[in-house]
Amino acid sequence: MTRLVAGIDSSTQSCKVVIRDAESGALVREGRAAHPEGTEVDPRAWWDALRVALGQAGGLGDVAAVSVAGQQHGMVCLDEAGHVVRPALLWNDSRSAGAAADLVAELGDGDAGRGALAWAEAVGSVPVASFTVTKLRWLAEHEPAAMARTAAVCLPHDWLTWQLAGQAGGLDALRTDRSDASGTGYWSPAAGGYLPDLLHRACGRRPKVPQVLGPAEIAGEVDPRAVPTAGGDTITIPGGGDTGAQAPALLGPGAGDNAAAALGAGIGVGDVAVSIGTSGTVFGVGTEPTADASGIIAGFADATGHFLPLACTLNAARVLEAIAGLLGVSLTRLDELALAGPPGAGGLTLLPYLDGERTPNRPDDTGALHGLTRASATPQNLARAAVEGMLNGLADGLDALRAAGLDVRRVLLIGGGARSAAVRAIAPGIFGLPVTVPAPGEYVADGAARQAAWLLSGADAPPSWESGRAEVYEADPEPAVRERYAAARDTAGSLPAIDRD
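Computed from a predicted model, the values in this text were never measured in an experiment.

## Topic: the overall build of the chain
In terms of regular secondary structure, the chain is built from 15 helices and 24 strands. Its C-alpha radius of gyration of 22 Å places the chain within 12% of the 23 Å reference for a compact globule of 501 residues. Taken over the C-alpha atoms alone, the chain extends approximately 75 × 55 × 40 Å along its principal axes. Looking at the chain as a whole, 56% of its 501 residues qualify as buried. Put simply, 72% of the contacts in the chain that link residues at least 6 apart link residues at least 24 apart.

What follows is the structure in structure tokens.
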């Protein structure tokens, strides 16, 4: 008998649902819906989008297990009744940058360097504005009444899993997984537990937090009454008994989006993935936890029981969208222009900090063009500089993982930005390594579906699913491009910050 599983990707920009065969991984059906813009979002918008996407995907009536992957770090505050206290602050909301600096300095008794080391040793990462712990400090300082109402704090995928369960069990039934918990700033991947003192340090109290489950533990069951279709009708999941009817779908623990992408793309020890979406991430699977006091590498956990050292940039695919808009061309035309431009873009270098930056930690910086002359001021050079600038930021993350001792045997390029012909062609020269581009897919949703299938199997490892044909791209290294970018990066930050509102 064929059993189906559902994987949900609730990202910054949209909700995507895939329904797959649990044994083979074959795609059966799918759906998607957009999320609102902004760095502050009412979580009910995610639920509305999930409802629409599930309706497009034919619902959950014949699905045996479901797992939710989602954007990391966001802060969802709930009151005693389980109501949302205020709109969620997303990972890319940088207003808590000051709170991050304060928390780091405080743990070092006023010495930021010593504080960074203490944070890295405690939770594997140095908090920056994206981390939940910094957003809680911001809330306590700027909206104390909202903090006073906060009885529990969870992450986006935790909240959606809880909604699918019909909020059964109340706040005590909130569940999460290792990968997403490791991005809060108050859970330790190395120790495998919460650090209540750090949570209290952030907000002056200790709200409830979700129970952290193992990679294939059951988080609950889908409540059919809680999951309406896009048209508002409930999805019927018949009762079991002796009739052979489908029982309620099991809920997996879920995962953070990067860990789910690693699971969906089959990334294992020795692989490094470069994921180009709203943000850019560079991450590899390791067998030991990391603790980088420089803050470049976040020492996350993965979705299989291993670890996921990760470097993240705020500026990725949207850099290309912004420059395409500036030139008044489509993304396809931007690709054509970039490929027509020479390596090095005629000396033009784009520092792509259009939304500030996380790696390096410069939330108030802006983008900049270096080397602009009459000769370099061409659409081809600007398009090429956009692609090279975005990739150079990610190459810094790759260098950091190598320096931390991660064995890099293979680089995989994934995410929406990997569909760009210019990105695929230029990346090997910037990274200094051949680049493998797997067959296009919804890797985050696929990873969630694979986790759901693992849940059903009861096996020690996730199921092996066949993937499509991968393509390998090669190019001569471009050290001069990297050097010019490094010079621009290292001289940035000398101008006054601007108001981004």
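Following the structure, the description resumes.
## Observations concerning empty space enclosed by the protein
Considering all chains together, one arrives at 5 cavities of 30 Å³ or more under this definition. One number sums up the size of the largest cavity: a volume of about 70 Å³. What lines the largest cavity is simply Trp 91, Asn 92, Asp 93, Ser 94, Val 128, Ala 129, Ser 130, Leu 314, Glu 357, Arg 358, Asn 361 and Pro 363. In terms of residue class, the lining of the largest cavity is built from 5 nonpolar, 4 polar and 3 charged.

## Here's the deal with the nonpolar core
The nonpolar side chains of a soluble globular protein tend to be buried, and buried together. Leu 136, Phe 283 and Leu 308 are the most contacted members of the largest nonpolar core, which totals 47 residues. Looking at this core element by element, the count peaks at 5 residues for helix H9 (residues 257-264). Grouped together as the second largest cluster of nonpolar side chains are 44 residues, Ile 8, Val 41, Ala 49 and Leu 50 included.

## Some points on the side chain of Thr 184
Examined against the element boundaries, Thr 184 turns out to sit in the loop between helix H7 (178-181) and strand S10 (187-188). For Thr 184, a relative accessible area of 4% gives the class buried. The contacts of Thr 184, once residues within four sequence positions are left out, are Phe 131, Thr 132, Val 133 and Leu 155.

## A look at the pattern of salt bridges
Tallied over the entire structure, the rule returns 30 salt bridges. In this structure, Arg 201 and Glu 106 form a salt bridge, with 3.7 Å as the shortest nitrogen-oxygen distance. Of this pair, Arg 201 sits in helix H8 (residues 196-203) while Glu 106 sits in helix H2 (residues 97-107), and the two are 95 residues apart along the sequence. Where Arg 178 meets Asp 302, a salt bridge forms, and the shortest distance between an N and an O atom there is 3.8 Å. With Arg 178 in helix H7 and Asp 302 in the loop between strand S18 (298-301) and strand S19 (307-313), the pair connects residues that are 124 residues apart, well separated along the chain. Taking the relative accessible area as the measure of exposure, Asp 302 reaches 4% and is therefore buried.

## Observations regarding unusual backbone geometry
Positive phi outside glycine occurs at His 73, with the angle close to 75°. Mapped onto the secondary structure, His 73 falls in the loop between strand S5 (63-70) and strand S6 (76-78). Positive phi values are uncommon outside glycine, yet Ala 345 reaches one of about 55°. Mapped onto the elements of the fold, Ala 345 is located in the loop between helix H11 (331-340) and strand S20 (349-351).

## With respect to H9
Of all the 8 residues making up H9, 7 are buried; the element is thus mostly covered by neighbouring parts of the structure. Taken together, the buried positions of H9 are Asp 257, Asn 258, Ala 259, Ala 260, Ala 261, Ala 262 and Leu 263. Positive backbone phi, at 70°, marks Gly 266, one or two positions downstream of H9.

## So, the layout of surface pockets
Quantified by volume, the largest pocket comes out at close to 1000 Å³. For the largest pocket, the lining is made up of 42 residues, of which Gln 13, Ile 276, Gly 277, Thr 278 and Gly 416 are closest to its centre. Mapped onto the lining of the largest pocket, the elements with two or more residues apiece are strand S2 (14-21), strand S3 (27-34), H9, strand S16 (271-276), S19, helix H10 (317-327), H11 and helix H14 (443-457). Here the lining of the largest pocket gets 4 residues from one element, more than from any other, and that element is H11. Classifying every residue of the lining of the largest pocket by side-chain character gives 14 nonpolar, 19 polar and 9 charged.

## Details of the packing of helix H1 (residues 43-56) against helix H6 (residues 156-164)
The N-to-C vectors of H1 and H6 enclose an angle of 55°; their axes lie 10 Å apart at closest approach. In terms of orientation, H1 lies oblique with respect to H6. As H1 packs across H6, the resulting crossing turns out to be right-handed. Contacts between H1 and H6 involve Pro 43, Arg 44, Trp 46, Trp 47 and Leu 50 on the former and, on the latter, Pro 156, Trp 159, Leu 160, Gln 163 and Leu 164. Across the contact of H1 with H6, the residue classes tally to 8 nonpolar, 1 polar and 1 charged.

## Section: the packing of aromatic side chains
Tallying each qualifying case throughout the model produces 2 aromatic pairs. Where Phe 131 meets Phe 300, the ring centres are 6.2 Å apart and the plane angle is 35°; that geometry is what we call tilted. Highlighted residues: Phe 131 in the loop between helix H3 (112-123) and helix H4 (132-142) and Phe 300 in strand S18, separated in sequence by 169 residues. Taken individually, Phe 131 and Phe 300 each receive the classification buried, so the pair is uniform in this respect. Note on Tyr 186 and Tyr 194: the rings are 6.2 Å apart at their centroids and 25° apart in plane angle, and the pair reads as stacked. For Tyr 186, a relative accessible area of 3% corresponds to the buried category.

Parameters at a glance
- Here the residue index of a chain counts from 1 through its sequence in written order.
- This being a predicted model, a pLDDT of at least 70 is required before a residue's local features are given, and a value of 80 or more before pairs of side-chain atoms are given or counted; all residues contribute to the totals for chains, interfaces and linings.
- To obtain the side-chain values, all non-hydrogen atoms of the structure were included, while hydrogens and water were left out.
- In this description a helix means any DSSP run of H or I spanning at least four residues, a strand means any run of E spanning at least two, and both kinds are numbered starting from the N terminus.
- Each radius of gyration is computed over the set of C-alpha atoms, and the globule rule expresses the reference value as 2.2 Å times the number of residues to the power 0.38.
- Exposure classes here rest on a 1.4 Å probe applied to the protein chains alone. A residue is buried below 20% of its type maximum, exposed above 50%, and partly exposed in between.
- Should any heavy atoms of two residues lie within 4.5 Å, those residues are counted as being in contact.
- In the cavity and pocket records, a cavity denotes points on a 1 Å grid over the protein atoms alone where a 1.4 Å probe fits but cannot get out, a pocket denotes an open set with protein on both sides within 12 Å along at least 5 of 7 lines, and lining residues are residues with an atom within 4 Å of a point.
- Grid points are joined across faces, edges and corners, and a volume is the space filled by probe spheres set on the points.
- Gly is placed with the polar residues, together with every amino acid not listed as nonpolar (Ala, Val, Leu, Ile, Met, Phe, Trp, Tyr, Cys and Pro) or charged (Asp, Glu, Lys and Arg).
- Nonpolar core, defined: a set of buried Ala, Val, Leu, Ile, Met, Phe, Trp, Tyr and Cys residues in which side-chain atoms within 4.5 Å join the residues together.
- Throughout this description, the term salt bridge denotes a Lys or Arg side-chain nitrogen within 4 Å of a carboxyl oxygen of Asp or Glu.
- Axis lines are fitted to C-alpha atoms, over the contacting stretch for helices. Their N-to-C directions set the angle, which ranges from 0 to 180 degrees.
- The labels follow the angle: roughly parallel below 35 degrees, roughly antiparallel above 145, roughly perpendicular from 65 to 115, and oblique for the rest.
- Less than a right angle of anticlockwise turn of the near helix away from the far helix marks a crossing as left-handed, whereas a clockwise turn marks it as right-handed.
- Note on aromatic contacts: the rings of Phe and Tyr and the six-membered ring of Trp form a pair at centre separations within 6.5 Å, being stacked when their planes are under 30 degrees apart, edge-to-face when over 60 apart, and tilted otherwise.

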